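Residue strings, one per chain:
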Amino acid sequence: MADALSAIPAAVLRNLSDKLYEKRKNAALEVEGIVKNLTAAGDHDKITAVINLLTHEYTYSPQANHRKGGLIGLAAATVGLSSEAAQHLEQILPPVINSFSDQDSRVRYYACEALYNIAKVVRGEFIFHFNKIFDALCKLSADSDPNVQSAAHLLDRLVKDIVTESDQFSIEEFIPLLRERMNVLNPYVRQFLVGWITVLDSVPDIDMLGFLPDFLDGLFNMLSDSSLEIRQQADSALSEFLQEIKNSPSVDYGRMAEILVQRAAAPDEFTRWTAITWINEFVKLGGDQLVPYYADILGAILPCIADREEKIRVVARETNEELRANQADPAEGFDVGAILSIARRQLSSEHEATRIESLHWISTLLNRHRSEVLTFLNDIFDTLLKSLSDPSDQVVLLVLEVHAAIAKDQYNFGQLLVFLVHKFQTDHTLLERRGALIIRRLCVLLNSERVYRELSKILEGEADLDFASTMVQALNLILLTSSELSDLRNLLKLSLVNAAGKDFFLSLYPSWSHSSMAIISLCLLAQAYQHASAVIQSLTEEDINVRFLVQLDKLIHLLETPTFAYLRLQLLEPGRYILLLKALYGLLMLLPQQSAAFKILRTRLKTVPSYSFNKEQPHHISEDGSMNEQNGIDFEYWLKRFQHTQQQHHLHSKSQALSGNIPISAKEAQKAEEARGVPDINRPPSRSSRKGPGQLHL
């Protein structure tokens with residue numbers, strides 16, 4: 001301290017802390033001259049003493065004017081040191097940088113001015129203290145005083161010039177500092193950071209692209225800033241980096257892909273669009289390096305396919321197609337299970353387009369990696385079954401295609417239909433609304449005869465008799481009305497003359513026995529008219545209830561459709577088809593006279609040409625007239641089996657009655673049916689009774 005006091009006159013020290021700027025400035029010039037002389041003499045000990053004096057007695061003083069004078073003095077001392085200032089920077093810089101956080105804005109301003117002058121002197125040596133200076137500049141960029149901000153901007157430009165000229169700048173040491181500040185929300189700091197990123201990226205010797213994953217998320221975060229200028233600066237920086245990625249032979253796609261996936265779900269539209277655009281380029285450029293990240297990328301793309309903004313939807317769809325076109329192999333890191341998991345999760349999306357693309361992915365994986373997909377079947381099967389209740393018909397059809405692809409082998413085929421029946425059992429609404437659509441589509445995709453045989457086998461042993469009856473009625477209605485099942489109907493028409501027809505007829509009979517009307521329909525379709533008549537005559541009071549009459553009403557209306565055109569034409573030969581007439585008259589006798597169905601059937605029977613039951617005999621009755629066996633079918637046995645099944649239903653109904661669910665008697669059923677009335681086939685249905693495609697009236 002004594003050395004410093006002896007080197008600097010008392011008047012100079014006094015003026016250095018004067019409240020007038022001119023006096024402080026003149027004193028600083030005196031200090032500059034003194035230090036210059038000491039430097040020339042090589043007396044660095046005294047120079048150190050002078051710097052310590054200026055630091056401790058002035059820059060750390062409680063009085064603002066002393067602090068201002070100290071800062072001017074340190075800058076002057078640096079100028080005096082000139083080329084030898086570098087060896088004293090460790091002393092000079094800390095008090096100056098410390099003054100950036102001074103409470104007095106004028107002190108902060110003088111600190112900027114001092115550091116600016118110091119930087120001009122030392123230039124390249126400044127780089128070795130860059131991180132401390134950068135940290136100070138970052139804070140100053142958000143200063144509340146506009147004069148300080150202005151001074152800081154001038155200093156910032158000078159430091160940028162120094163960095164771009166230097167070959168000593170360490171990007172490795174700088175990046176952690178940058179990364180820590182990238183998520184700051186202050187708009188001035190954000191502008192400061194983007195400015196530095198842009199400048200450093202422009203320096204050929206600095207590889208900012210290699211460190212892009214460290215600050216990429218921060219840049220994307222700025223895209224949603226409230227300031228248009230910041231958004232534009234961030235977008236400009238990102239566009240430049242994306243262009244560099246396209247031209248670079250070596251890029252770390254993986255780390256950046258993880259960031260982009262997160263940003264693709266951002267609430268801000270511009271951020272989402274930029275992220276999905278980057279992902280699109282990555283999918284095209286990334287090659288094998290990106291394969292392990294396909295699942296994450298898919299998780300980002302699928303929701304964007306249904307984005308409210310069209311430009312995002314367009315890019316997302318293009319990216320999805322690019323991704324699906326890449327036929328990666330599990331050996332390359334392609335994770336089938338992860339992709340399936342993403343697709344399964346997106347099946348719960350509220351957006352139809354996303355659900356559709358998820359199903360396309362599952363279908364694609366089944367085609368390319370069937371064995372791997374089947375190992376994850378337990379994970380996706382329940383979700384696929386639930387998707388059958390999707391409000392979109394297109395989604396349901398695609399789900400059925402996936403189910404059909406899974407069910408190519410016998411085991412999975414059987415499992416599918418078992419689970420499907422269980423799904424119908426637990427969700428009656430699904431059976432009513434989508435049952436026809438589901439069954440018809442599966443019949444097209446998996447062979448209709450095979451589907452019906454398997455369903456019949458499952459329902460034959462169904463313990464829930466009410467559900468078995470309902471399900472059989474649904475299957476029967478689909479069989480009688482669906483254009484896709486015309487081959488099955490033609491096969492059944494040959495039941496009495498053809499081995500294949502007989503085999504199929506007998507495969508359905510056990511389960512169809514759960515519904516008397518289904519059995520009667522089956523017999524009419526198979527032209528087993530005597531057996532149909534026998535079934536009708538075997539019906540008891542317990543059989544003829546409201547449900548039966550409703551089903552009978554439907555059958556009468558179906559008899560007027562093209563499906564049963566052959567049967568109506570057979571009425572032209574009453575002598576030959578007397579047993580058909582007997583069956584139809586039997587049905588007529590069961591119908592309430594006031595019902596529309598009664599009038600329809602009676603009108604039809606009145607058109608039959610005159611005949612005599614006694615004079616004509618059907619040409620195919622056996623000599624003993626029994627007709628209990630035709631084409632090897634023991635109808636007497638099957639009638640007993642039907643009656644046994646119906647007896648089980650009767651016992652079930654009585655059990656329900658004992659538990660409080662009183663069954664409706666035949667007379668009550670008739671009254672209910674008469675009161676209800678049956679819709680006239682010639683009258684269009686009411687709005688409330690109309691059903692959409694694939695819906696059933698059960």
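Note that the coordinates shown come from a computational prediction; the quantities given were computed from them, not determined experimentally.

Rules and cut-offs
Residues numbered from 1 in each chain as written. Predicted model: local features only at pLDDT ≥ 70, side-chain atom pairs only at ≥ 80, totals over all residues. Heavy atoms only, no water. Helix = DSSP H or I, 4+ residues; strand = E, 2+ residues; numbered from the N terminus. Rg over C-alpha atoms; globule rule 2.2 N^0.38 Å. Buried < 20%, exposed > 50% of the residue type's maximum accessible area, 1.4 Å probe, protein only. Contact = heavy atoms within 4.5 Å. Areas by Shrake-Rupley, 256 points an atom, 1.4 Å probe, with all protein chains shown as cover. Lys, Arg positive; Asp, Glu negative; His and termini not counted. Charge placed at Lys NZ, Arg CZ, Asp CG, Glu CD. Axes fitted to C-alpha atoms, helices over the stretch in contact; angles between N-to-C directions. Nonpolar A, V, L, I, M, F, W, Y, C, P; charged D, E, K, R; others polar. Core = buried A, V, L, I, M, F, W, Y, C linked by side-chain atoms within 4.5 Å. Parallel < 35°, antiparallel > 145°, perpendicular 65-115°, else oblique. Expected span 1.5 Å × (residues − 1). Arc of directions from axis to C-beta. Polar contact = N/O pair within 3.5 Å; in protein donor to acceptor, adjacent residues only side chain to side chain. Salt bridge = Lys/Arg side-chain N within 4 Å of Asp/Glu carboxyl O. Phe/Tyr/Trp six-rings, centres within 6.5 Å; stacked < 30°, edge-to-face > 60°. pLDDT = per-residue confidence, 0-100.

## What to know about the overall build of the protein chain
Here is step 1: From N to C terminus, the protein chain includes 36 helices and 2 strands.
Here is step 2: Whereas a compact globule of 698 residues would reach a radius of gyration of roughly 26 Å, the protein chain reaches 45 Å, over 25% beyond that.
Here is step 3: Looking at the protein chain residue by residue over its 698 residues, the buried ones come to 52%.
Here is step 4: A separation threshold of at least 6 residues defines the contact pool for the protein chain, and within that pool the share at least 24 residues apart is 73%.
Here is step 5: When the accessible surface of the protein chain is summed, it comes to about 31,800 Å², and 48% of that surface belongs to carbon and sulfur atoms.
Here is step 6: Both charge centroids of the protein chain, one from 69 positive and one from 87 negative side chains, sit 9 Å from each other.

## What about the packing of helix α8 (residues 130–140) against helix α11 (residues 187–202)?
Here is step 1: Packing of α8 against α11 leaves a shortest axis separation of 10 Å and a crossing angle of 145 degrees. In this structure, α8 uses Phe-130, Phe-134, Leu-137 and Cys-138 to contact α11, whose residues at the interface are Val-189, Phe-192, Leu-193 and Trp-196.
Here is step 2: Residues belonging to the contact of α8 with α11 are distributed by class as follows: 8 nonpolar, no polar and no charged.

## What to know about the environment of Asp-335
Here is step 1: Mapped onto the elements of the fold, Asp-335 is located in the loop between α17 (310–325) and α18 (336–346).
Here is step 2: By relative accessible area, Asp-335 is classed as partly exposed at 42%.
Here is step 3: Separated by 44 residues in the primary sequence, Asp-335 and Val-291 place their C-alpha atoms 8.4 Å from one another.

## Points about the nonpolar core
Here is step 1: Met-208, Phe-215, Trp-278, Tyr-452, Phe-505, Trp-512 and Leu-524 are the most contacted members of the largest nonpolar core, which has 238 residues in total.
Here is step 2: Each residue touching Trp-278, except ones within four places of it in the same chain, is listed here: Leu-212, Leu-216, Phe-220, Leu-238, Phe-241, Leu-242, Ile-245 and Leu-260.

## Points about the packing of helix α27 (residues 486–493) against helix α28 (residues 499–512)
Here is step 1: Across the interface, α27 lies against α28 with an axial gap of 7 Å and an inter-helix angle of 105 degrees. As summarised for this structure, α27 and α28 are arranged roughly perpendicular, according to the angle between their axes. When α27 is examined against α28, the residues Leu-488, Leu-491 and Leu-492 are found in contact with a partner set consisting of Ala-500, Gly-501, Phe-504, Phe-505 and Leu-508.
Here is step 2: A breakdown of the residues in the contact of α27 with α28 according to their chemical character gives 7 nonpolar, 1 polar and no charged.

## Considerations on unusual backbone geometry
Here is step 1: The phi angle at Ser-82 is positive, at roughly 55 degrees, despite the residue not being glycine.
Here is step 2: When you line up the elements, Ser-82 lands in the loop between α5 (64–81) and α6 (89–98).
Here is step 3: You will see that Asn-447, though not glycine, has its phi angle at about 80 degrees, which is positive.
Here is step 4: Relative to the assigned elements, Asn-447 resides in the loop between α24 (428–446) and α25 (448–460).
Here is step 5: Residue Asn-447 is classed as partly exposed on the basis of its relative accessible area, which comes to 44%.

## Some remarks on helix α13 (residues 228–247)
Turn by turn, an α-helix covers 3.6 residues, leaving residues three or four places apart pointing in a common direction.
Here is step 1: In this model, α13 (20 residues) spans 29 Å end to end at C-alpha, consistent with the 28 Å of a helix rising 1.5 Å per residue.
Here is step 2: By the burial criterion, the buried members of α13 are Ile-230, Ala-234, Ala-237, Leu-238, Phe-241, Leu-242 and Ile-245. Seen along its axis, α13 keeps its buried residues to an arc of 140 degrees; they face one direction.
Here is step 3: Elements that come into contact with the buried residues of α13 comprise α11, α12 (212–222), α14 (253–263) and α15 (269–285).

## Some remarks on the side chain of Ser-495
Here is step 1: Within the element layout of this structure, Ser-495 appears in the loop between α27 and α28.
Here is step 2: A distance of 3.4 Å separates a polar side-chain atom of Ser-495 from the backbone oxygen of Gly-501.
Here is step 3: Residues contacting Ser-495, with those up to four places away along its chain left out, are Gly-501, Lys-502, Phe-505, Ala-526, Asn-631 and Ile-633.

## As for the side chain of Ser-515
Here is step 1: Summarising the element assignment, Ser-515 is placed in the loop between α28 and α29 (516–526).
Here is step 2: If near-sequence neighbours (up to four positions away) are discounted, Ser-515 is found in contact with Ser-469, Val-472, Gln-473 and Gln-646.

## Let's talk about the pattern of salt bridges
Note on pairing: side chains with opposite charge can pair once their charged atoms come close.
Here is step 1: Per the counting criterion, the structure on display carries 31 salt bridges.
Here is step 2: Arg-263 is paired through a salt bridge with Asp-217; the nearest N and O atoms lie 2.9 Å apart. In this pair, Arg-263 sits in helix α14 while Asp-217 sits in helix α12, placing the two residues 46 residues apart along the sequence.
Here is step 3: The exposure class assigned to Arg-263 is buried, which follows from its relative accessible area of 17%.
Here is step 4: Residue Asp-307 pairs with Arg-272 through a salt bridge whose shortest N-O separation is 2.7 Å. One end of the pair, Asp-307, is in the loop between α16 (294–304) and α17; the other, Arg-272, is in helix α15, with 35 residues separating them in the sequence. There is no split in this pair, since Asp-307 and Arg-272 are both buried.
Here is step 5: The structure contains a network of salt bridges with shared partners spanning Asp-135, Lys-139, Glu-180 and Arg-181.

## Thoughts on the packing of aromatic side chains
Here is step 1: What the rule picks out here adds up to 25 aromatic pairs.
Here is step 2: When the centroid spacing of 5.8 Å and the interplanar angle of 55 degrees are considered together, the rings of Phe-169 and Phe-174 count as tilted.
Here is step 3: Phe-174 gets classed as buried once you look at its relative accessible area, which sits at 0%.
Here is step 4: Ring geometry for Tyr-452 versus Trp-512: centroids 6.1 Å apart, planes at 45 degrees, classification tilted.

## A closer look at the environment of Leu-193
Here is step 1: Note on placement: Leu-193 falls in helix α11.
Here is step 2: Under the relative-accessibility criterion, Leu-193 is labelled buried at 0%.
Here is step 3: Once the C-alpha coordinates of Leu-193 and Ser-141 are considered, the two residues, 52 residues apart in sequence, prove to be 9.6 Å apart.
Here is step 4: Setting aside anything within four residues of it in sequence, one finds Leu-193 in contact with Phe-134, Leu-178, Arg-181, Met-182 and Met-222.

## Some words on the confidence of the model for the protein chain
Here is step 1: For the protein chain, per-residue confidence averages 88 on the pLDDT scale, and residues scoring 70 or more make up 91% of the total.
Here is step 2: Note that pLDDT drops below 50 for residues 619–627; the model gives that stretch 10 contacts with residues more than four away or on any other chain.

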